[in-house]
Amino acid sequence: MNVLVTGGAGYIGSHTCVELIHAGHTPIVIDNLRNSNPKSLDRVREITGQTVALYEGDVRDEALLERIFDENEIHCAIHFAGLKAVGESCAIPLEYYQNNLCSTMTLCKVMGKRGVKGIIFSSSATVYSGDNEMPLRENSRTGNCTNPYGWTKYMGEQILRDIAKADPQWSVVLLRYFNPVGAHESGKIGEHPNGIPNNLMPYISQTAIGKREKLSVFGNDYATHDGTGVRDYIHVVDLARGHVAAVNYLCEHKGEAVFNLGTGTGYSVLDMVKAFETANGVKVPYVIAPRRPGDLDTCYADPAKSAQILGWTAKHDQNDMCRDTWNWQSQNPNGFDD
Ligand code: NAD
Ligand code: WQD
């Protein structure tokens, strides 16, 4: 299958290109490089031996999308393109709504016109309401998002659900990711956060390599086994393989379906720090800091539906996540920058 991969030069997109190629598919990428570097796709070629076509431009550019459909026989799309920084979304909400929602609508408009009606959407555990019991199931309550980024995912899901409802030819797969971490085992591709990382794992690895003095652990008085926040960290290669499973599912099903992509296991911040130190033989200095506003104490998935229907489960463990994060970080201290 020829798969249009929006945002394919980014962190999850580049790993998904590798797994699509391994599964015999052909990814075709559109990315405006706002949060990525085209070198990621050079590295995908080094890993797979296959060159990935990159259209540099914005998914909201309808004429460019038309050109991509003219030049390629596209069978379905995986829609990663979007802005994803929670804090930034509070500072520039309009840009987040514009980018994340208009890109989804423009993409669907052109796909519908071309009769290509299969789409996989990058959603997030952030769409679940904070008052749910754990683990989170696909039918757990959604909404009450705490930031504009979360609302763009919630609304993106709704738009796609409505499209599938209106036209039974559509097949829409909504994938709710938990906390993606790690990197390809080659160390050639990985996460390259802009500036100071917001997320835990890149902060840990940048501290271990000496770019950051120490990690601030946001709160140690949560109702968890050691007082620090618990999350469902998932290796990005497992996540990428979840997309390959979703492509297979799309081919055989119409309508809308939603799946959690998580491991079902929660680890605390201090669990992750200790695992990183043990896996890599490095020190991660840390201090206990105040809670970060908006954080939950615990968040983890019930991945049973994905296992049952997609035939997908996460295979990498916590040690793999820590080892591969460090492998990427230590081989590429400045990410894709020289
Ligand atoms: P990323 O920033 O590395 O990748 C997103 C890519 O989209 C980037 O390459 C960026 O340049 C591109 N992009 C953004 N807006 C665009 C536009 N309008 N047109 C063309 N390209 C555009 O992020 P990621 O971590 O790979 O995330 C991929 C998707 O998964 C995003 O939609 C994100 O919201 C979602 N997601 C990420 C996480 C996470 O923790 N990383 C968790 C849940 C969901
Ligand atoms: C994990 C844990 C922090 C940094 C975010 C988004 C979510 C999704 C994934 C896109 C928490 C603690 C963190 C640090 C810390 N993204 N922490 N010190 O908040 O679970 O999820 O990324 O959809 O929408 O909100 O991930 O990695 O930021 O935090 O103590 O410097 O690590 O408090 O307990 P989070 P995270």
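Residues numbered from 1 in each chain as written. Chains lettered and ligands numbered in written order. Predicted model: local features only at pLDDT ≥ 70, side-chain atom pairs only at ≥ 80, totals over all residues. Heavy atoms only, no water.

Draft legend 1. Fine view of the side chain of Thr 224. Within the secondary structure, Thr 224 sits in the loop between strand S8 (215-218) and strand S9 (230-231). Of note is the side chain of Thr 224, whose polar atom sits 2.9 Å from the backbone nitrogen of Gly 227. For Thr 224, the contacting residues outside a window of four places in its chain are Val 230, Asp 297 and Thr 298. (Helix = DSSP H or I, 4+ residues; strand = E, 2+ residues; numbered from the N terminus. Polar contact = N/O pair within 3.5 Å; in protein donor to acceptor, adjacent residues only side chain to side chain. Contact = heavy atoms within 4.5 Å.)

Draft legend 2. How the structure looks around the sheet that holds strand S5 (residues 118-124). Read from one edge to the other, the open sheet built from 7 strands follows the order S3-S2-S1-S4-S5-S6-S11, with strand pairing classed as parallel. One side of each edge strand has no neighbouring strand; the edge strands of this open sheet are strand S3 (53-56) and strand S11 (255-261). Direction aside, neighbouring strands of the sheet carry axes that sit 20 degrees apart on average. By the bridge criterion, 4 bridges tie strand S1 (residues 2-6) to strand S4 (residues 76-79) in an arrangement that is parallel. Counted as the bridge partner of Val 5 is Ile 78 from S4. Across the sheet, helix H5 (residues 93-114) is in contact with S1, S4 and S5; its angle to S5 comes to roughly 170 degrees. Packed onto the sheet, helix H6 (residues 148-166) meets S5, strand S6 (171-177) and S11 and runs at close to 155 degrees relative to S5. (Pairing = 2+ DSSP bridges. Axes fitted to C-alpha atoms, helices over the stretch in contact; angles between N-to-C directions.)

Draft legend 3. Local environment of the packing of helix H7 (residues 200-208) against helix H9 (residues 269-280). The interhelical angle for the contact between H7 and H9, taken along N-to-C directions, is 40 degrees, at an axis separation of 11 Å. As far as their axial angle goes, H9 and H7 are oblique. For the crossing formed where H7 meets H9, the hand is right-handed. Facing H7, whose interface residues are Leu 200, Met 201, Ile 204, Ser 205 and Ala 208, H9 presents Val 269, Met 272, Val 273 and Phe 276. In the contact of H7 with H9, the residues fall into 8 nonpolar, 1 polar and no charged. (Parallel < 35°, antiparallel > 145°, perpendicular 65-115°, else oblique. Left-handed = near helix turned anticlockwise from the far one by under 90°. Nonpolar A, V, L, I, M, F, W, Y, C, P; charged D, E, K, R; others polar.)

Draft legend 4. Main features of the site of ligand 1. Taken together, the neighbourhood of ligand 1 is formed by 26 residues, with Asp 31, Asn 35, Ser 36, Phe 80 and Tyr 149 sitting nearest. Take Asn 99: an N or O atom from its side chain is 2.9 Å from a nitrogen atom of ligand 1. For ligand 1, whose unbound accessible area comes to 820 Å², protein coverage reaches 95%. Of all the secondary structure elements, the ones that give two or more residues to the shell around ligand 1 are helix H1 (11-22), S5 and H6. With 3 residues, S5 is the single largest residue contributor to the shell around ligand 1. Along the lines of polarity and charge, the residues of the shell around ligand 1 split into 9 nonpolar, 11 polar and 6 charged. (Near = heavy atom within 4 Å. Areas by Shrake-Rupley, 256 points an atom, 1.4 Å probe, with all protein chains shown as cover.)

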